[in-house]
Structures are given as C-alpha cells and as structure tokens.
Amino acid sequence: MDRARGMSVRLKLTLSYAGFLMLAGALLLAAVWVFLLRYVPDGWPALLYVAPNRILLLGAFAPAAAAVMAFLLVFGLLGGWILAGRMLAPLTRITDATRMAVNGSLSHRIRLPGRADEFRELADAFDAMLVRLEAHVAEQQRFAANASHELRTPLAISRALLDVARRDPDRDIGELVERLHAVNTRAIDLTEALLMLSRADQRSFARERVDLSLVVEEAVETLLPLAKKRGVTIETSGEITPVEGSQALLLQLATNLVHNAIVHNLPVQGTVWIKTGIGPEALTVENTGEKLSPEVVPALTEPFQRGTGRIRNDHAGVGLGLAIVKSITHAHDGSLTIVLRPAGGLRIVVQLPTPPPHTAKKSGAA
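About the criteria used
Residues numbered from 1 in each chain as written. Predicted model: local features only at pLDDT ≥ 70, side-chain atom pairs only at ≥ 80, totals over all residues. Heavy atoms only, no water. Axes fitted to C-alpha atoms, helices over the stretch in contact; angles between N-to-C directions. Helix = DSSP H or I, 4+ residues; strand = E, 2+ residues; numbered from the N terminus. Parallel < 35°, antiparallel > 145°, perpendicular 65-115°, else oblique. Left-handed = near helix turned anticlockwise from the far one by under 90°. Contact = heavy atoms within 4.5 Å. Core = buried A, V, L, I, M, F, W, Y, C linked by side-chain atoms within 4.5 Å. Buried < 20%, exposed > 50% of the residue type's maximum accessible area, 1.4 Å probe, protein only. Nonpolar A, V, L, I, M, F, W, Y, C, P; charged D, E, K, R; others polar. Salt bridge = Lys/Arg side-chain N within 4 Å of Asp/Glu carboxyl O. Pairing = 2+ DSSP bridges.

## Describing the packing of helix H5 (residues 212-229) against helix H6 (residues 247-263)
Direction vectors running N to C along H5 and H6 enclose 40°, while the axes themselves pass 9 Å from each other. Looking at the two axes, H5 sits oblique to H6. You can see that H5 and H6 cross each other, and the crossing is right-handed. Contact with H5, carried on its side by Leu212, Val215, Val216, Glu218, Ala219, Val220, Leu223, Leu226 and Ala227, involves Gln247, Leu250, Leu251, Ala254, Thr255, Val258, His259, Ile262 and Val263 of H6 and no other residues of that element.

Structure representation (structure tokens):
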C-alpha cells in the first residue's frame, strides 16, 4: 500500500519529549511567579532601588527564564533524539528482519537480548512465526516435489505401455487395457486425495452436527470385505459421539484410519480395535502389526510417507492417508496423536472439541 511520507516515529518521540520538557519548565516558572512574586509589593516606591518590587524582579526574572526555556528546548530535543534512538533500536532490528523475510530469507532470527518488554515480546513472537513459516514452506516444497514425482510415475508408465503397444501391434490388447486401467485408476486416486487434502487445509466446508459413531460404522461396513480378505478382525465399541464439522471429511478421516489399520497389520490373524466416545478422545483406532521404530512416527503424517516403506500393492494407497487425517483433524480444531504399541502396531487418537450443550440440544430436538 502506497502511503504519503510522514514524520518518523523517532522524530515524533523527540518532539514529544521536548514539548513535555518545555511544558514542565513553563509550569515550574509559572509556579515561581505565582507563589513567589505575589508577595512582592507592586508600584514605584520613593526608594526605587532600595526595596525590590515586581517590576524589578520581573526584569531580572524574564531573561533568566528565557535562557532556561531555551536550554530546556535544546536539551529536550537532543536528549529526546538520543533516548528515542535507544528505545527504538529493537524496532529497527525487527524491521530489518521483516525485510529479510519479505525477500525470502526465513532462516534469519532476531534473537533480541535483554529482559522481557513489549519489543522483546514482539521479537520473540516474530521469531516463532518465522520458525513455523519456514517449517511450513519446507513442508510445502517437499509436498510439491513428492506430488510431482507421484503424478509423474503413472503418466510415465502409461506412455511406456503405449510405446510398447505401438511398436508391437500384435500385443494382447486386453492385457494392455487392463494395465492402463490400473495405472489410470491410481492416478485418479492420487488426484482425488490431493484435492481432499487441499480442501481440508483450506477449511472450505460447512459445519454441521455429526454423530461420529455413525460415521465410523459406515466406514467399517465399507472396508469389512477388505478386512475379511486379509484375515483381519475388526472390533468396535463406544457410544454416540456428537461433533461439529463436515460429515464427508469426517467419513474420509475414519475411512483412512480404518484402511490404514487393516492394510498395515499382521499377515494373518490381525486385529483392529475402534472406539468412539464423548470427551477429548473422540476416536481411537488401534491395530496389531509390525514393530516400528520411534523415529518413524513423526514422518507417518507427512505426505507420501509409509511406515513400512514404499510398498506397491493393490491396497498400498497413495501415501496420503494419515496426512489427510491430520489435515482434517486440524481443520476441525482437533489434534492427532500416534503412539507405538509395545506388541506392535499403532494406537491413533483423534481429539475433537465437544459441541456446546445448547448446540447439541437444539440439533437433537430437531
């Protein structure tokens, strides 16, 4: 935004200090005049130079008062300029750091020394903002690079299959179509997952009262055939869990968690435990599985990361399952906690805020 150039804050503070000092001096001189000279007789006595009067004292007082006021003016301007410079020095450092951040340097930190005051609180808040912003930008850059790679892979495979078919006209068309269909399906799944992730990050959805237990039940029914095929037992428990949010996004959250728990499980006789309840822990999903290293846990919610490596099979997903869960949880003002089970597998807890009582009562009456 273009603005007209005005006086600097340092000049304003200097003039303020000088003006306040001049006003204090004027009030002091006025007090001397009122409370001292009022007791001196007025007029011209016969012995003019023997007894002092107001005229004589005023003649002696006025030049001295003018000199004092001139000194106070110079002293106020000079002292105010120095004091304002010292006081605004931290603001200069903050301004320089802001300019560096605008130019793309997010690694710079102010690190303002000294005890806590308004400027240091501002500097610390700015440093914390830069830390989060730098981490967010780095995450977005990794996400863009991984997304480009993931989208490039099915396109490259499709081109290779078409090149093979063009060079070999006698090749089985049915097999080619089947492979192209599989590659195209994966590309569509990846694109839809990216759109879902973007929608959750932007929070572009209407909020309504949703029973999370019914949403989880729908997700379990959808994935039950997959669980039976892989020999995984699903056990559900809990009670009615009212939350506020998007039913479609919450269904995607539950589906991703249950799908992840089924796929990343034991080869045979695996188990998934699902629990819903009123309170901070709205949804808990546990599963048996391989033992993972604690260092792997922070990376599980990053896009295109998989706890058991980059596995390629029919149900490996696109590497965005838990990343979408995390984004949907944060979009609903909640938090996601992932804990390693001692026997293997994961325990994932989704914490969502409980709707206000009046909201739940009103919705329940409807």
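## Some details on the nonpolar core
Counting 45 residues, the largest nonpolar core has Leu212, Leu257, Ile262, Ile274 and Leu283 as its most contacted members. Of all the elements, H6 adds the most residues to this core, at nine residues. Ala101, Ile110, Leu112 and Leu130 belong to the second-largest nonpolar core, a separate cluster that totals nine residues.

## A closer look at helix H7 (residues 321-331)
Think of an α-helix as turning once every 3.6 residues; residues three or four places apart then point the same way. H7 sits mainly inside the fold: eight of its 11 residues count as buried. By the burial criterion, the buried members of H7 are Leu322, Ala323, Ile324, Val325, Ser327, Ile328, Thr329 and Ala331. Downstream of H7 by a residue or two, aspartate 333 has a phi angle that is positive, lying close to 60°.

## Considerations on the packing of H6 against H7
Geometrically, a packed helix pair is captured by the angle between its two axes and the distance between the axes. Look at H6 against H7: their axes get within 9 Å of each other, and the N-to-C directions meet at 145°. Relative to H7, the crossing made by H6 is left-handed. In this structure, H6 uses Leu249, Gln252, Leu253, Asn256, Leu257 and Asn260 to contact H7, whose residues at the interface are Gly321, Leu322, Ile324, Val325, Ile328 and Thr329. Of the residues belonging to the contact of H6 with H7, the class tally is seven nonpolar, five polar and no charged.

## Quick notes on the pattern of salt bridges
Per the stated rule, a full pass over the model turns up seven salt bridges. We note a salt bridge from glutamate 134 to arginine 109, for which the minimum N-O separation is 2.6 Å. In this pair, glutamate 134 is assigned in helix H3 (residues 118-167) and arginine 109 in the loop between helix H2 (54-102) and H3, connecting sequence segments 25 residues apart. Relative accessible area serves as the criterion here: at 11%, arginine 109 is assigned to the buried category. Residues participating in the shared-partner salt-bridge network are Glu281, Glu286, Arg341 and Arg347.

## Notes on the pairing of strand E7 (residues 346-351)
As paired strands, strand E5 (residues 281-287) and E7 are joined by five bridges and run antiparallel to one another. Residue glutamate 281 lies in a different strand from E7, and its bridge partner there is glutamine 351.

## Structural notes on the sheet that holds strand E4 (residues 270-276)
Taken in spatial order, the five strands of this open sheet run E2-E4-E5-E7-E6, and their pairing is mixed. Of all strands in the sheet, those bounded by a partner on one side alone are strand E2 (232-238) and strand E6 (335-340). This sheet shows a mean twist of 10° between the axes of neighbouring strands, independent of strand direction. As defined by bridge partners, E4 adjoins E5 across five bridges and the pair is classed as antiparallel. Looking at E5, one finds that threonine 276 is bridged to leucine 283. Contacting E2, E4, E5 and E7, H6 crosses the sheet at an angle of about 20° to E5. Contacts from H7 reach E6 and E7, with the element oriented near 140° to E6.

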